[in-house]
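# What the coordinates show
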Amino acid sequence: MILAIDGPAGSGKSTIARLVAARLGFAYLDTGAMYRAVTVRAVNNDLDVHDEQSVAEIAQNAPITFGYTPGNPIPTEVFIDGEDVTYDIRTAQTDLYVSPVSALPAVRLALTDQQRVLGAERDTVMEGRDIGTVVFPHAELKIFLTASSEERAHRRALQNVERGVQPVDEAAVHADLLRRDAADSSRDVAPLVAASDAVTVDTTNMNIEQVVEHIVELVEAKKTELEATSAQKLFEATSAQKSLEPSGETL
Ligand code: DC
């Protein structure tokens, strides 16, 4: 089962998706971290982040992998081509360059392919901008997480303090969020938009536990619905089979 969680920066996606994955025993994939890892490598190689072919070569050839700490099923480290970029993917510089990188169609194509492979392996909570619309348009459940831009800036500023990265000033974070929202929503390829069949969850006035609980309930309801549908299909197939069998009655 794929649980797609999309939404704008700072909507709480990463925190929520990690907790939901841990609760459900699903794998967790942070697709934003993949775009960030490619961005770090492109910047470190002094590439122009608008140079589609050169940046796409990174996405196509440099494997992105995740590292785990013992006892924690949720990955805590990100590597590109074996290089640990866990810290670098969260810097203000990466925040600045990741939007142009993620707008490059060839980069999206390469990363989308990898995300589909990873999602096919097992039940996964996949977090991003285009999971429900492009990567897994047939995901069993799609959540679009959102919150007011002020609340999102407040949360992201606190998170930056925790992670020890700049900026921590709320006004600066707010301006950057609005810039990225606009860039992510207006790009030609796979723009940030809720899938028509996504459940929108506005987290502005909800705490983390409430959001996690709500999503876990939606997953449980979806599982029950899927089980009922497959039981119904099995019943119909068995009935159809029986009606084809000779009845044994003589005329
Ligand atoms: O979720 P995040 O802030 O770590 O994402 C970083 C950037 O990557 C963000 O500006 C949008 C882009 N992104 C994307 O275009 N598609 C995804 N599936 C995930 C992230």
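Let me begin by describing the structure that accompanies this report. Quick caveat: nothing in here was measured; it's all calculated off a predicted structure. (Residues numbered from 1 in each chain as written. Predicted model: local features only at pLDDT ≥ 70, side-chain atom pairs only at ≥ 80, totals over all residues. Heavy atoms only, no water.)

This part is about the sheet that holds strand β5 (residues 83–84). What the 3 strands build is an open sheet, ordered β3-β4-β5; its pairing is antiparallel. Two strands close off the open sheet at either side, each with one partner strand: β3 (64–67) and β5. Relative to strand β4 (residues 77–80), β3 runs antiparallel, the two sharing 4 bridges. Bridge pairing in β4 links glycine 67 to glutamate 77. (Pairing = 2+ DSSP bridges. Helix = DSSP H or I, 4+ residues; strand = E, 2+ residues; numbered from the N terminus.)

Turning to unusual backbone geometry, a few remarks are in order. Of note, the amide linkage connecting glutamine 166 to proline 167 takes the cis form, showing an omega dihedral of -5 degrees. Summarising the element assignment, proline 167 is placed in the loop between α7 (149–163) and α8 (170–186). Notably, aspartate 81 is not glycine yet its phi reads approximately 55 degrees, a positive angle. For aspartate 81, the position within the fold is in the loop between β4 and β5.

Here the focus is the side chain of threonine 91. By the element assignment, threonine 91 lies in the loop between β5 and α4 (92–102). A polar contact of 3.2 Å, which involves the side chain of threonine 91, links it to the backbone oxygen of aspartate 88. At 3.0 Å, the side chain of threonine 91 forms a polar contact with the side chain of threonine 94. (Polar contact = N/O pair within 3.5 Å; in protein donor to acceptor, adjacent residues only side chain to side chain.)

What follows concerns the sheet that holds strand β6 (residues 124–128). The strand order across the open sheet built from 5 strands is β2-β6-β1-β7-β8, with neighbouring strands paired in parallel fashion. Each end of this open sheet is capped by a strand with a single partner; those strands are β2 (27–30) and β8 (199–202). Each strand of the sheet is rotated relative to its neighbour by a mean of 20 degrees, with strand direction disregarded. As paired elements, strand β7 (residues 141–146) and β8 share 4 bridges and run parallel to each other. Residue pairing across strands places leucine 145 opposite valine 201, the latter belonging to β8. Here helix α2 (residues 31–44) sits on the sheet and contacts β2 and β6; the angle it forms with β2, its principal contact strand, is near 40 degrees. (Axes fitted to C-alpha atoms, helices over the stretch in contact; angles between N-to-C directions. Contact = heavy atoms within 4.5 Å.)

All right, on to the pairing of β6 then. A large share of β6 lies buried, amounting to 5 of its 5 residues. Residue alternation in β6 divides its side chains into two sets, Thr124, Met126 and Gly128 and Val125 and Glu127, and both sets are buried. Bridge analysis of strand β1 (residues 2–6) against β6 gives 5 bridges, and the strand direction is parallel. The residue of β6 that forms the bridge with leucine 3 is valine 125. (Buried < 20%, exposed > 50% of the residue type's maximum accessible area, 1.4 Å probe, protein only.)

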